[in-house]
2 protein chains.
Amino acid sequence: MKNSEKQYSYEYPRPALTVDCVVFAYDEGELRVLLIKRGEEPFLGAWALPGGFVHMDEDLDTAAARELEEETGVKKVFLEQLYTFGAVDRDPRGRVVTVAYYALVKLTNYKLHASTDASDAAWFSVHDLPSLAFDHQYIFDVAFKRLQAKITYEPIGFELLPNKFTLTQLQRLYETILEREIDKRNFRKRLLAMDIVEELDEVEQDVAHRAARLYRFDRSSYKRYLKEGFEFNL
Amino acid sequence: MKNSEKQYSYEYPRPALTVDCVVFAYDEGELRVLLIKRGEEPFLGAWALPGGFVHMDEDLDTAAARELEEETGVKKVFLEQLYTFGAVDRDPRGRVVTVAYYALVKLTNYKLHASTDASDAAWFSVHDLPSLAFDHQYIFDVAFKRLQAKITYEPIGFELLPNKFTLTQLQRLYETILEREIDKRNFRKRLLAMDIVEELDEVEQDVAHRAARLYRFDRSSYKRYLKEGFEFNL
DNA sequence: TCAAAAGTGTTAAAAATACACCCATGG
DNA sequence: CCATGGGTGTATTTTTAACACTTTTGA
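For every chain, the first residue of the written sequence is number 1, and numbering continues from 1 onward in sequence order. Just so you know, chain letters begin at A and ligand numbers begin at 1, following the order they were written in. pLDDT decides what is reported in this predicted model: residues at 70 or higher carry local features, side-chain atom pairs at 80 or more are listed and counted, and totals for whole chains, interfaces and linings draw on all residues regardless. To get the side-chain values, take all heavy atoms of the structure and skip hydrogens and water.

A.B. asks: I keep staring at the overall build of chain A and nothing clicks. Help me out?
C.D. replies: Secondary structure elements are taken from DSSP: a helix is a run of H or I of four residues or more, a strand is a run of E of two residues or more, and numbering for both begins at the N terminus. For chain A, the helix and strand inventory stands at five helices and 11 strands. Overall, the C-alpha framework of chain A stretches about 70 × 40 × 30 Å when taken along its three principal axes. The cut-offs for exposure are 20% and 50% of the maximum accessible area for each residue type, with area from a 1.4 Å probe on protein chains only; residues under the lower value are buried, those over the upper are exposed, and the others partly exposed. Out of the 234 residues in chain A, the part that is buried amounts to 50%. Sequence separation of at least 24 residues holds for 66% of the intrachain contacts in chain A that already meet a minimum separation of 6. Only four residue types enter the charge count: Lys and Arg as positive, Asp and Glu as negative, with His and the chain ends excluded. Just so you know, the charge point we use is NZ for Lys, CZ for Arg, CG for Asp and CD for Glu. Taking the average location of the 32 positive side-chain charges in chain A and that of its 40 negative ones, the two points are 4 Å from each other. In this description, contact between two residues means that some pair of their heavy atoms is separated by no more than 4.5 Å.

A.B. asks: I would appreciate a short explanation of the sheet that holds strand β11 (residues 213-217) of chain B in the present structure.
C.D. replies: The strands making up a sheet are joined through hydrogen bonds of the backbone, oriented either antiparallel or parallel. All names here are of chain B. Here the rule is simple: two strands pair whenever DSSP picks up at least two bridges between them. Sheet architecture is open: three strands sit in the order β9-β11-β10, paired in antiparallel fashion. The sheet terminates laterally at β9 (164-165) and β10 (197-203), the two strands that pair on one side only. Sheet analysis places β9 next to β11, joined by two bridges and oriented antiparallel. Each bridged residue has a counterpart across the sheet, and for F165 the counterpart in β11 is Y215.

A.B. asks: What is the right way to read the confidence of the model for chain A from this model?
C.D. replies: A low pLDDT means the predicted coordinates there should not be read in detail. Residues of chain A with pLDDT of at least 70 account for 94%, and the chain-wide mean is 93. As a per-residue measure, pLDDT tells how confident the predictor is, with possible values from 0 to 100. Under a pLDDT of 50 for its full length, residues 114-118 of chain A has, in the predicted model, 14 contacts with residues more than four places off or in other chains.

A.B. asks: Help me out: how do you make sense of the environment of R14(B) in this one?
C.D. replies: Positionally, R14(B) belongs in the loop between β1 (8-10) and β2 (16-27). When residues no more than four places from it in sequence are discounted, the contact partners of R14(B) are Y10(A), R14(A), P15(A), A16(A), M56(A) and R95(A). As used in this structure description, the phrase polar contact means that two N or O atoms lie within 3.5 Å; if the pair is within protein, one of them must be able to donate a hydrogen and the other to accept it, and residues adjacent in sequence are counted only when both atoms belong to side chains. In terms of polar contacts, R14(B) uses its side chain to reach the backbone carbonyl oxygen of R14(A), at 2.6 Å.

A.B. asks: Teacher, can you tell me more about the domain arrangement of chain A here?
C.D. replies: Accessible area lost during the coming together of the parts is what is often quoted as the interface size. Residues and elements named next belong to chain A. Reported domain spans reflect what an automatic or database domain assignment gives. According to the domain assignment, chain A consists of domain 1 (14-153) and domain 2 (161-227). If you look at the interface, domain 1 gives 11 residues, while domain 2 gives 11 residues. Buried area is understood as the total, over both parts, of accessible area removed when two parts are fitted together, assessed with a 1.4 Å probe. Both faces considered, domain 1 and domain 2 share a buried interface measuring about 1,000 Å² in area, 64% of it formed by carbon and sulfur atoms. Three residues stand out in domain 1 for area buried against domain 2, namely Y26, K106 and I151, and they jointly supply 54% of the buried area on that side. By convention in these notes, a salt bridge is any Lys or Arg side-chain nitrogen within 4 Å of a carboxyl oxygen on Asp or Glu. Counting across the domain 1 and domain 2 interface gives zero salt bridges. Counting across the domain 1 and domain 2 interface gives six residue pairs in polar contact (both at pLDDT 80 or more). Mapped onto the side of domain 1 that touches domain 2, the elements with two or more residues apiece are β3 (30-38) and α2 (136-153).

A.B. asks: Sorry, what's going on with helix α4 (residues 184-194) of chain A here?
C.D. replies: Residue and element names in this part refer to chain A. For α4, the full list of buried residues reads F187, L191 and M194. Across the axial projection of α4, the buried residues extend over an arc of 60°, all falling on one side. Within α4, the exposed residues directed more than 90 degrees away from the buried face are R185, K189 and A193. Check the buried side of α4 and you find it contacts α3 (167-178), β10 (197-203) and α5 (219-227). Two or three places before R185, at the opening of α4, D183 has a side-chain oxygen 3.1 Å from that residue's backbone nitrogen. Comment: arc refers to directions from the helix axis out to C-beta atoms.

A.B. asks: I'm lost on the packing of aromatic side chains in this one. Help?
C.D. replies: Each aromatic ring pair is described using two quantities: the centre-to-centre distance and the angle formed by the ring planes. In this scheme Phe, Tyr and Trp rings, the latter by its six-membered ring, pair at centre separations within 6.5 Å, and the angle between planes marks the pair as stacked below 30 degrees, edge-to-face above 60, and tilted otherwise. The full count for this structure, using the stated rule, is 25 aromatic pairs over all chains. Note on F217(B) and Y222(B): the rings are 6.0 Å apart at their centroids and 50° apart in plane angle, and the pair reads as tilted. Residue class for F217(B) comes out buried when judged on its relative accessible area of 12%. The buried category is assigned to Y222(B), whose relative accessible area is 12%. By way of ring pairs, the aromatic residues F158(A), F165(A), F217(A) and Y222(A) are connected into one cluster. Whether a charge lies above a ring is judged from NZ of Lys or CZ of Arg, which has to be within 6 Å of the ring centre and within 35 degrees of the ring normal. For R14(A), the ring lying beneath its charged end belongs to Y10(A), and the centroid distance is 3.8 Å.

A.B. asks: Just to check I follow, could you spell out the side chain of D20(B) for this structure?
C.D. replies: Residues and elements named next belong to chain B. By the secondary structure assignment, D20 is in strand β2. A polar contact is formed between the side chain of D20 and the side chain of T98, at a distance of 2.7 Å. Ignoring anything within four residues of it in the chain, the contact list for D20 reads L49, P50, G51, G52, R90, T98, V99, A100, Y101 and H136.

A.B. asks: How should I be thinking about the protein's contact with DNA strand D in this particular structure?
C.D. replies: Near DNA strand D there are 18 residues, and of these R210(A), K184(B), K189(B), H209(B) and R213(B) occur at the shortest range. Taking all atoms of DNA strand D within 4 Å of the protein, the share assigned to sugar and phosphate is 39%. Listing elements by their share of the surface near DNA strand D, those giving two or more residues are α4 of chain A together with α4 (184-194) of chain B. Residue composition of the surface near DNA strand D, by class: three nonpolar, four polar and 11 charged. The cutoff for a nearby residue is simple: one of its non-hydrogen atoms must lie within 4 Å of the molecule or strand. Basically, the charged four are Asp, Glu, Lys and Arg, the nonpolar ten are Ala, Val, Leu, Ile, Met, Phe, Trp, Tyr, Cys and Pro, and anything else, Gly included, counts as polar.

See the structure below:
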């Protein structure tokens, strides 16, 4: 960076501000995270969370969504602020504070494409992550714990499944994220008692056994349910 | 601000970064928040959350604690990151992103003193707040909801009471924050079942009726309790 | 006809709730 | 002796947990 390019001046020094996204997807019994291979220093060639600098004319949520789309092609997904990480030495380039987000995507919708300053993007199992740049492993850990906690009291698990899913798929998703087995009958009883999924007149296709009924998350029923003072709980 | 004073230059523009604190205290059946009267523009003379700019050599938590102490004299209290607010137009001076914290203080410990850029500080009932500067009312709302949620699953209520307290005081605190009545016998049963408060050989003083037993939160018992896989719940 | 997963109820245990009276103390 | 809040137990309801077999379908 040439000095002549430093055209933005302030009376006091300012940390740089970035957003980073922990993007989760669920794929055949595995929880995966989207990482990009860094195309520049520092940590050139290392895997990292997608993210980048916040622009002056965009909200934080907007910045997170933009960076996610620019670096991975992922857009219009569930995206929620996670935590802000600001340790003084978390970036070797200097003071960089990052507002971390986590995203939940329906994997089936996404073909990945690398672009911008990411030379590559790929999904990794959360149990087999490569060594990550910066403090991204720590950020990931916080995100994973948040996901585990939140999936039990907010209906965010549906964001990781296709619009139409079987109850067994949903149960497997919960088992995968919570890392424990769940009783099939009790799970269904509790889910159906909430009356927030709609049973469809369709069954899954191309399976070598009895086809399971398909369901859909009914967001309007969920809102009604909330208004009546009930709370999601699985 | 003279141009000659603008000595910190960057290649790209950077938002300013601040911290703000929502400081709660509990006083005789009322939940209170600590506000400062602004001594400078913008919003000169308006009430606001204590806060200020993050320094380059301090973590976010450190910045929050420092600003809190500088502006109000409050120090060494429970302080936890709440959320980061970054709407483009939230500050009329330009782009300012703020990392909000909430703090819980034992009111009895604090004599307030104004200083630095706060010309005054005072406690307000959460149900009778003045009009606040910036988006501070919104930040407060988020903080209050967080407190209501968190007090039921983490033992943070004790941070708002003296070290020695009666069970009725604790119950009143919960009733105040949750804004509903709680059954005395059930409350005590659940609290004592967790075995995280220690019964002292002392009773309250100077009351015109039977004196209540004093208790103390036992942090080491609580940690043991957590390790055994139990979770705080009130 | 076999393999694979779908689908379905009941019982027991635990937790949450509702509820009222006697006790100790100071004024 | 009275006013005030302290302290305590039980019965009922609700929720959660444990548990196994029959059905459907495609290969």
